[in-house]
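Single-letter residue listing:
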Amino acid sequence: MSKAFRLIVPAIAAVLAGCSTPVPQSLAPQMVPKVFTGPVPAAAQVWPEVSWWKTFGDPQLTGLIEAAQADNRDVAIAAARVMQAEAQSTIQRSALFPQIGAQADHRSSGCSGQSCQTFAKAKAFDLSFNASYELDFWGLARDNLRAADEQLKSARFAQVSVALTVTANVANQYLNVLAIRRRIAIANDNIAAINNILDVIKLKVKAGAASHLDLAREQAQVEAGEAQLPGLETLEKQALFSLAVLLGRVPEGFDVKAIPLDTILAPVVGAGLPSDLLLRRPDIAQAEADLAAAHANVDAARAAFLPQISLTGSGGFVSTAIGTLLQGSNFGYSYGANLLQAIFDGGKLAGQKDLAEGVQREFIASYQSAALNAYADVENALAQVANTGRAQDHLEREVKAAREAFEISQLQYRQGAADLLTVLQAQQTLFSAEDQLVQIVLANRQSAIHLYEALGGGWMENPDDRTQFVRDVSIQQDEKRTSAGAK
């Protein structure tokens, strides 16, 4: 290497370091709330367990979730994308190593006829080895490898996120099936109650104690109740089919054991510090890894402006006879160095750098959006758990009172102390309250599932997987609290 070249290389490297873009701060501390404002039960566990679905106390739900985790197609797609990302990382890593190849040739020539008498037959055997190595002075290969490694992290985090979403969807659909079946049972009980009253009315009409108007009204109530059943049964089938697909099964013949929705426990769920949520949501970790990959691509685009230097070498044996091919006198070699520097490319490299910087800005905003949406997600879930629990308490008392009122109205109607309209009103109030209670119980259990999902489902990010340049907001906040306390 010449003296001039030895002087030029450090100078270019210094220029490159001088114009390096500073690492962006992705999430400012003021974008992270200090506490969650939603109501959190005092006895609640701070963060959910990994197998959070077991807290509902239903072995059938546990079995369905385990089946989905094994056979769900979305989970399989996410796993395949991890394989692709691993392969891409291997491809980029190969640029850091020499490329070595071998080649063996045999050539033979000759001709026949009088015109070929002056030409002799010729043959040759070749065995050669070739090697090339591109010097990564400016870190282009290392930046590309870093980007590929971050994309691999992103794929792994996405796999966890998909698994969490699938698990939550299985639990939601399963509870939905149980709730619809309970609503169907309530509708059938309502129809049976109407028919009992209808029998009483028929007897009164025969005795002349009631009019045909009462009979028509009650018959209309029967038909109205029957008309609701087909819609509920359709919803039940749709929920079952959706659940089957989540489990990776065909809908044909699929069913779940019917159990009362009331036997599904309402778990007590809590939330820790908002700053810790950044380490417990796989979608936030995925956005962080995407941002790190984008930053690596910016560095790679910047390094592409500098000359690329490669070393080449080859050696081998050439002989007219294969028996003497490997003799030392038949060995030859060559080596050299290449330098490639773009002088004019019509703005290609500049455009690639601008593109990489634009992608980086996009992922900065995406990471911020993922964090803000995560905080809002937890707040919404906390409010839903609390409010649906309150509504359930009120509806349970309403159902109890409405059932008592309906029983009293029936007794008074049989005794002639009340008219049919009073019975119909009491019956509608009871049926509506029972149906609403089932739906609010479902909403309460599903809000707990939502909260588990919003809190990351018990997942915890490995500290070794964190990108180095995304600021640890929890540490910053702890430092601010410490300094404020010292003052």
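Residues numbered from 1 in each chain as written. Predicted model: local features only at pLDDT ≥ 70, side-chain atom pairs only at ≥ 80, totals over all residues. Heavy atoms only, no water.

### Focus: the packing of aromatic side chains
Selection rule: Pairing of aromatic side chains requires ring centres within 6.5 Å, counting the rings of Phe and Tyr and the six-membered ring of Trp. Pairs whose planes differ by under 30 degrees are stacked, by over 60 edge-to-face, and all others tilted. Numbering goes from the N terminus for both helices and strands, where a helix is a DSSP run of H or I of at least four residues and a strand is a run of E of at least two. Per-residue accessibility, obtained with a 1.4 Å probe over protein chains only, is compared with the maximum for each type, and a residue is labelled buried under 20%, exposed over 50%, and partly exposed between these values.
Enumeration according to the criterion identifies six aromatic pairs in this entry. Seen from their ring centres, Trp-52 and Tyr-452 are 5.0 Å apart, and the 25° between their planes marks the pair as stacked. One end of the pair, Trp-52, is in the loop between α1 (3-18) and α2 (59-71); the other, Tyr-452, is in helix α9 (residues 420-454), and 400 residues separate them in sequence. For the pair Trp-52 and Tyr-452, one class covers both residues: buried. Residues Phe-137 and Trp-138 carry aromatic rings whose centres are separated by 5.7 Å and whose planes lie at 40° to one another, so their mutual orientation is tilted.

### With respect to the environment of Ser-310
Condition: Contact criterion: two residues are considered in contact whenever any of their non-hydrogen atoms come within 4.5 Å of each other.
Within the fold, Ser-310 resides in strand β3 (residues 308-319). Residues Ser-310 and Ala-337, 27 residues apart in the sequence, show an inter-C-alpha distance of 5.7 Å. Among residues more than four places away in sequence, those in contact with Ser-310 are Tyr-133, Glu-134, Leu-135, Gly-336, Ala-337 and Asn-338.

### A word on helix α4 (residues 140-207)
Definition in use: Each residue after the first adds 1.5 Å to the expected span of a helix.
Between the first and last C-alpha of α4 there are 99 Å, a value that for 68 residues agrees with the 100 Å anticipated at 1.5 Å per step. Positioned one or two residues after α4, Gly-208 has a phi angle of 80°, which is positive.

### Observations regarding the confidence of the model for the protein chain
The following threshold applies: Per-residue confidence from the prediction method is given by pLDDT, with values spanning 0 to 100.
A residue-level look at the protein chain finds 86% of positions with pLDDT of 70 or above and a mean pLDDT of 84. With pLDDT under 50 throughout, residues 1-23 is counted as low confidence; its partners more than four residues away or in other chains account for 18 contacts. Below a pLDDT of 50 lies the segment residues 468-487, which in the model reaches 26 contacts outside its immediate sequence neighbourhood of four places, other chains included.

### A closer look at the pattern of salt bridges
We apply this condition: By definition here, a salt bridge exists when the distance from a side-chain nitrogen of Lys or Arg to a carboxyl oxygen of Asp or Glu is within 4 Å.
All chains considered together, the criterion is met by 14 salt bridges. Residue Arg-146 is joined to Asp-299 by a salt bridge in which the shortest nitrogen-to-oxygen separation is 2.8 Å. With Arg-146 in helix α4 and Asp-299 in helix α7 (residues 282-303), this pair connects stretches of sequence that are 153 residues apart. By sharing partners, the salt bridges in this structure join Asp-143, Arg-146, Asp-299 and Arg-302 into a single network.

### Section: helix α3 (residues 73-93)
Heads up, the condition is: Starting at the helix axis, one direction is taken to each C-beta atom, and the arc is that of these directions. In protein, a polar contact means a hydrogen-donor-capable atom and an acceptor-capable atom, both N or O and within 3.5 Å, with residues adjacent in sequence counting only if both atoms are side-chain atoms; elsewhere, any N or O pair within 3.5 Å suffices.
Look at α3: 30 Å from first C-alpha to last across 21 residues, which is about the 30 Å you get at 1.5 Å a residue. Within α3 the residues assigned to the buried category are Val-75, Ala-78, Val-82, Ala-85 and Ser-89. End-on, the buried residues of α3 take up no more than an arc of 70°, which puts them together on one face. With respect to the buried face of α3, the exposed residues turned more than 90 degrees away are Arg-73, Met-83, Gln-84, Thr-90 and Ile-91. Of the surrounding elements, those touching the buried residues of α3 are α2 and α4. One side-chain oxygen at the N-terminal end of α3 lies 2.9 Å from the backbone nitrogen of Asp-74; it belongs to Asn-72.

### Let's talk about the nonpolar core
Rule in force here: Take the buried residues of types Ala, Val, Leu, Ile, Met, Phe, Trp, Tyr and Cys, join any two whose side-chain atoms come within 4.5 Å, and each joined set is a nonpolar core.
Val-170, Leu-261 and Val-378 are the most contacted members of the largest nonpolar core, which has 89 residues in total. When residues of this core are traced back to their parent elements, those giving at least two are α2, α4, α5 (212-246), α7, α8 (348-415) and α9. Take this core: its biggest share by element is 22 residues, from α4. The contacts of Val-170, once residues within four sequence positions are left out, are Leu-64, Ile-65, Ala-68, Leu-243, Leu-246 and Leu-247. Trp-138, Leu-140, Ala-300 and Leu-306 belong to the second largest nonpolar core, which has five residues in total.

### Focus on the packing of α5 against α9
To keep things clear, this is the line we draw: Here an axis means a line fitted to C-alpha atoms, over the contact stretch when the element is a helix, while the angle between two N-to-C directions is reported on a 0 to 180 degree scale. Any angle that falls under 35 degrees is termed roughly parallel, while one over 145 is termed roughly antiparallel, one within 65 to 115 roughly perpendicular, and all others oblique. Crossing handedness is read from the near helix: turned anticlockwise from the far helix by less than a right angle, it gives a left-handed crossing, and turned clockwise, a right-handed one. Asp, Glu, Lys and Arg are counted as charged, while Ala, Val, Leu, Ile, Met, Phe, Trp, Tyr, Cys and Pro are counted as nonpolar; the rest, among them Gly, fall into the polar class.
Two elements in contact, α5 and α9, have axes separated by 11 Å at closest approach and are oriented at 15°. For the element pair α5 / α9, the angle class is roughly parallel. For the pair α5 and α9, the sense of crossing is right-handed. Of the residues in α9, those touching α5 at Asp-214, Arg-217, Glu-218, Gln-221 and Gln-228 are Leu-420, Leu-424, Gln-427, Gln-428 and Phe-431. Of the residues assigned to the contact of α5 with α9, the class counts are three nonpolar, four polar and three charged.

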